[in-house]
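What follows is the residue order along each chain.
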Amino acid sequence: MQPLPALDVLGRFLRALGVDGRHVPTSLDEAAARYRSEIASRQLLVLLDNASDAAQVAPLLPGSAACAVLITSRRTLNSLECVTHLQLTVLSTMDAVMQLTHAVGTRGVADDPAAATDVAHWCGCLPLALRIAGARLAARPTWPLRNMAARLANEQRRLDELELPDVGVRASLAVSHQALSDSSDATDRAAAAAFVALSLLDGPDVGLPVAARLLDQPEHQAERVLERLVDAALLESPSPWRYRSHDLLRLYAREQAPSTYQPDKRVAAVTRAYGLYVATAWRAFELVRQGNERPSRANRRWSTGGLGFSDAAEALDWLETERSNLMAAVRQSAAAQGSLALVAIELTHALFSFFRLRGYWAEAVEVNEVAVALASEVGDRQTQAMTLGDLGAALCQQGRYKAATDRLREAIGIHRELGDRYGQAQNLNTLGVICQMMGQYDHALFCYEQSQAIHEELSNPRGQAMALDNLGPMLRRQGRYDEALTCHERAIAIFRDLDDRYGQAVGMTDLGLVYTRMGRYDDALTSLQESLAIYTDVGDRYGEAEALTALGVVHRERNKPLKALAYHEESLAICRALDRRDALAASLRERGLTLQALGRRDQAQAAWREAADILEELQSAEANEVRALPTEESQRREAPAAEVGKLKERRGEFTL
């Protein structure tokens, strides 16, 4: 429907005010003047519904302060003066369910409140969609709410379900989009095309740089187009330079994509956008894990042209902001054909360090399973082996040791088949970590020694440092403290030469644990505090928790149990926030020992019970050790020294 010209509206207003139709002016200026004259002595509320733009509204505004005007519009009328703008968002879930209740009755919603919430969700809490869904349900009183929820859950049918003979969500959305498409303004028309293009990406939102790549435009030009969509209420901007679309708007836009973009154009646009994700993720990897050789093995096609960052903290902030979009990019790319599918593999490899740093192991497992399947499908054995190694490391951190071992053995087998000694060494190191976590210390020692020997043969200093840092806890467990000290000192020196701060932090934590065993508490505190500072600086919350746990142990050994308890409590808070069950168990174990030192036996027992339950859940050999911890006061002083450092003996430093 075309907007009604302001002159036509004024004619209707004047006749409604009692002006003889023969005396209604035929020019816009004269009609506006007569309108203002007629209402000058009246107190009126003027409702201007569905205004098209400011030019249509301006002549309809009264000149008297005694009159008020309420304007509704699909777009923001920014150029109007002395106007208070109120942006109407979608309803809250509670209000959406309430609107649905008005249509279907309290009993219908009470019978299945979860289904009512699902209907509200699939309607996007949009009043029009809810009204239509409610009307359809009211006309079909025998339909359960669950049936409507299931029908709306189907993206291919959702807009069809939200239609009545005289009104529909699709038709309502088409009005705003068509207005831009038919506009004489070039920016409006570009915005209409961008509206469709943005729907090609599966992520929940999009940043300006990615949107610009998608549209193949400079950022300043893309921003102008996107802001025009915001003004037209076809896009939201939750924060500067970030944009998102309502789910129903996105579905409508995707329906228009086949008629707007040919398949090759759609693939090219998505590849440009996701290519930026990949290149930027590799750039972030370089900053987060300085000195790591993995970026040098990246495909040059996907590792250049990304965004720049000033430091690792800025890179991590970007990764956190884009985390959901990056996961969506892997899923969408993997489902595609041709070169776009390769994006899923490259992005998976580039994200592993981030997932490891933040403990996002569920995400790491998901994307690596996807990448393994893709590499196998295209017959890329080298990539398959590398991805199997990453998958094994992620499964290990979830406590899924059998599955992790299977993946790693498969990876090692492929590396041997290809004559890739480096790959063998990396995965032997990770396999050692799994053996360590399962309490198979002889096997772990063998794997670490083999890994170190190969890395030394290949003159790979970082690989040597990793193996040395994992050998240390094995030697420490055997009471060979001087040898363990030498291993960690050598590892830290290599990590410093490589400028690998994360590696340094891991080594300093290990070193602090050895110093604690040796009774060198001042040296232990210095080492652990340095480790904690690095973990905090690089944003590794899991590492922070480990360092805090170890600091608590040192203070307990120095007969400062209250100070030790404070460190344990801080570590526990981080572990619970991250949902890191393994680290939580280690922290609870040490907290129990500190509580025992304070004479709080019941609390100590509770901490150990929780720790043992977690370890049994993770199928860890340490569960029995925790259940056997001493509880008698006479044993209090013997226990801590025997238990120091268990966390690092279990964790190890696996391949990145």
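What you see is a predicted model, and the numbers here were worked out from it, not measured in a lab. (Residues numbered from 1 in each chain as written. Predicted model: local features only at pLDDT ≥ 70, side-chain atom pairs only at ≥ 80, totals over all residues. Heavy atoms only, no water.)

Chemist: How would you explain the overall build of the chain if you had to name every residue and give the values?
Modeler: Scanning the chain from terminus to terminus reveals 35 helices and seven strands. Seen along its three principal axes, the alpha-carbon backbone of the chain occupies a region of about 110 × 55 × 50 Å. Among the 656 residues that make up the chain, the fraction classed as buried is 53%. Nonlocal contacts in the chain, meaning residues at least 24 apart in sequence, comprise 63% of its contacts between residues at least 6 apart. Looking at the chain, you have 74 positive and 87 negative side-chain charges, and the mean spots of the two groups are 2 Å apart. (Helix = DSSP H or I, 4+ residues; strand = E, 2+ residues; numbered from the N terminus. Buried < 20%, exposed > 50% of the residue type's maximum accessible area, 1.4 Å probe, protein only. Contact = heavy atoms within 4.5 Å. Lys, Arg positive; Asp, Glu negative; His and termini not counted. Charge placed at Lys NZ, Arg CZ, Asp CG, Glu CD.)

Chemist: Describe the sheet that holds strand β6 (residues 236-239), naming the residues involved and giving the relevant values.
Modeler: Strands sit in the order β5-β7-β6 across an open sheet of three strands; the sheet is antiparallel. Of all strands in the sheet, those with a lone pairing partner are β5 (206-207) and β6, marking the two edges. Looking at chain direction, β5 and strand β7 (residues 242-244) are connected through two bridges and run antiparallel. Of the residues in β7, the one forming a bridge with V206 is Y243. (Pairing = 2+ DSSP bridges.)

Chemist: Can you break down the packing of helix α12 (residues 208-215) against helix α13 (residues 219-231) residue by residue, with the values?
Modeler: Between α12 and α13, whose axes approach to 9 Å, the crossing angle comes to 95°. Viewed along their axes, α12 and α13 adopt a mutual orientation that is roughly perpendicular. On α13, the residues touching L208, P209, A211, A212 and L215 of α12 are E219, A222, E223 and L226. Across the contact of α12 with α13, the residue classes tally to seven nonpolar, no polar and two charged. (Axes fitted to C-alpha atoms, helices over the stretch in contact; angles between N-to-C directions. Parallel < 35°, antiparallel > 145°, perpendicular 65-115°, else oblique. Nonpolar A, V, L, I, M, F, W, Y, C, P; charged D, E, K, R; others polar.)

Chemist: Lay out unusual backbone geometry in plain terms, naming residues and giving numbers.
Modeler: If you check the backbone angles, A233 has positive phi at about 60° while not being a glycine. The phi torsion at S459 lies on the positive side, around 55°, for a residue other than glycine. Structurally, S459 can be placed in the loop between α24 (441-457) and α25 (461-477).

Chemist: Just give me the short version of the packing of aromatic side chains, but keep the residues and values in it.
Modeler: A complete count under the given rule lists 10 aromatic pairs for this structure. The interplanar angle of 50° and the centroid separation of 6.3 Å between the aromatic rings of Y277 and W318 together place this pair among those described as tilted. Placement of Y277 in helix α15 (residues 263-288) and of W318 in helix α17 (residues 312-321) is noted, with a sequence separation of 41 residues between them. Accessibility assignment for this pair places Y277 and W318 in one class, buried. Aromatic side chains F354 and F355 sit 5.8 Å apart centroid to centroid with 40° between the ring planes, which places their arrangement in the tilted category. Its relative accessible area of 3% is what places F354 among the buried residues. (Phe/Tyr/Trp six-rings, centres within 6.5 Å; stacked < 30°, edge-to-face > 60°.)

Chemist: Account for the state of the cysteines, naming residues and giving values.
Modeler: Inspection of the entire model under this criterion finds zero disulfides. Take C487: it sits in no disulfide, and the sulfur closest to it among the cysteines is that of C447, at 16 Å. This cysteine, C575, is not joined by any disulfide, and C396 carries the nearest cysteine sulfur, 16 Å off. A residue is classified by how much of its surface remains accessible, and C575, at 2% relative accessible area, is buried. (Disulfide = S-S within 2.5 Å.)

Chemist: Quick one: what's the story with the pairing of β6, residue by residue and with numbers?
Modeler: Both faces of the sheet carry side chains from a regular strand, because those side chains alternate between them. Judged from the two bridges that link them, β6 and β7 form a sheet pairing that is antiparallel. Note that in β7 the partner of S239 across the bridge is R242.

Chemist: Pulling in residues and values, what's your account of the packing of helix α18 (residues 323-335) against helix α19 (residues 339-358)?
Modeler: Two elements in contact, α18 and α19, have axes whose closest approach is 7 Å; the angle formed by their N-to-C orientations is 145°. The two elements α18 and α19 cross, and the hand of that crossing is left-handed. Only L340, A341, V343, A344, L347, T348, L351, F354 and F355 of α19 make contact with α18, whose side of the interface consists of R323, L326, M327, A329, V330, S333 and A334. A per-class count over the contact of α18 with α19 returns 13 nonpolar, two polar and one charged. (Left-handed = near helix turned anticlockwise from the far one by under 90°.)

Chemist: Can you break down the pattern of salt bridges residue by residue, with the values?
Modeler: The tally for this structure, following the rule as stated, stands at 43 salt bridges. The closest approach of N and O atoms between R170 and D160, which form a salt bridge, is 2.9 Å. Here the residue R170 occupies a position in helix α10 (residues 169-181), and D160 occupies one in helix α9 (residues 158-161), the gap between them amounting to 10 residues. Note on R170: relative accessible area 18%, which makes it buried. A salt bridge links R580 to D582; the nearest nitrogen and oxygen atoms lie 3.1 Å apart. Of the two residues, R580 and D582, neither departs from the other in class, the shared state being buried. If you follow the salt bridges from partner to partner, you end up with R75, D185, D188 and R228 in one network. (Salt bridge = Lys/Arg side-chain N within 4 Å of Asp/Glu carboxyl O.)

Chemist: How would you summarise a nonpolar patch on the surface if you had to cite specific residues and measurements?
Modeler: On the surface, L45, L47 and L70 cluster together into a nonpolar patch covering about 330 Å² of accessible area. Given a relative accessible area of 66%, L45 falls into the exposed group. (Patch = residues over 30% accessible without salt bridge, like charges linked within 9 Å, V, L, I, M, F, W, Y side chains within 5 Å. Areas by Shrake-Rupley, 256 points an atom, 1.4 Å probe, with all protein chains shown as cover.)

Chemist: Before we move on, can you summarise the nonpolar core with the specific residues and values?
Modeler: In this structure, V119, V169, L229 and Y274 are the most contacted members of the largest nonpolar core, which totals 187 residues. A per-element tally of this core places α15 first, with 13 residues. If near-sequence neighbours (up to four positions away) are discounted, Y274 is found in contact with L201, D202, G203, A328, A329, Q332, S333, L340 and V343. Counting residues in each nonpolar core, the second largest holds 19 residues, with V24, I39, A54 and L60 among its members. (Core = buried A, V, L, I, M, F, W, Y, C linked by side-chain atoms within 4.5 Å.)

Chemist: Describe helix α20 (residues 361-378), naming the residues involved and giving the relevant values.
Modeler: For α20, with 18 residues, the first-to-last C-alpha span of 26 Å sits near the 26 Å given by 1.5 Å per residue. Considered for burial, the residues of α20 that qualify are W361, E363, A364, V365, V367, N368, A371, V372, L374 and A375. In the core, the buried residues of α20 are packed alongside α18, α19 and α21 (381-397). Downstream of α20 by one or two residues, G379 has phi in the positive range, about 75°. (Expected span 1.5 Å × (residues − 1).)

Chemist: Go over α10 with me, naming the residues and quoting the values.
Modeler: A rise of 1.5 Å per residue sets the reference length of α10, with its 13 residues, at 18 Å; its end C-alpha atoms lie 19 Å apart and thus fit the reference within 8%. Roughly 25° is the biggest bend found in α10, and it falls at V175. Turning to α10, its buried residues are V169, R170, L173, S176, H177 and L180. (Bend = angle between axes of the 7 residues up to and from the residue.)

Chemist: Please set out the environment of L229 residue by residue, giving values where relevant.
Modeler: In this structure, L229 sits in helix α13. By relative accessible area, L229 is classed as buried at 0%. Sequence separation of L229 and T280 is 51 residues, and the distance between their C-alpha atoms is 27 Å. What L229 contacts, discounting residues up to four positions off in sequence, is L180, A191, A194, F195, L198, L234 and L235.

Chemist: A description of the environment of Q619 should follow, citing residues and the corresponding values.
Modeler: Relative to the elements of secondary structure, Q619 occurs in the loop between α32 (601-617) and α33 (622-627). Overall, Q619 belongs to the exposed group, its relative accessible area being 60%. Spatially, the C-alpha atoms of Q619 and S333 are 35 Å apart, while their sequence positions differ by 286 residues.

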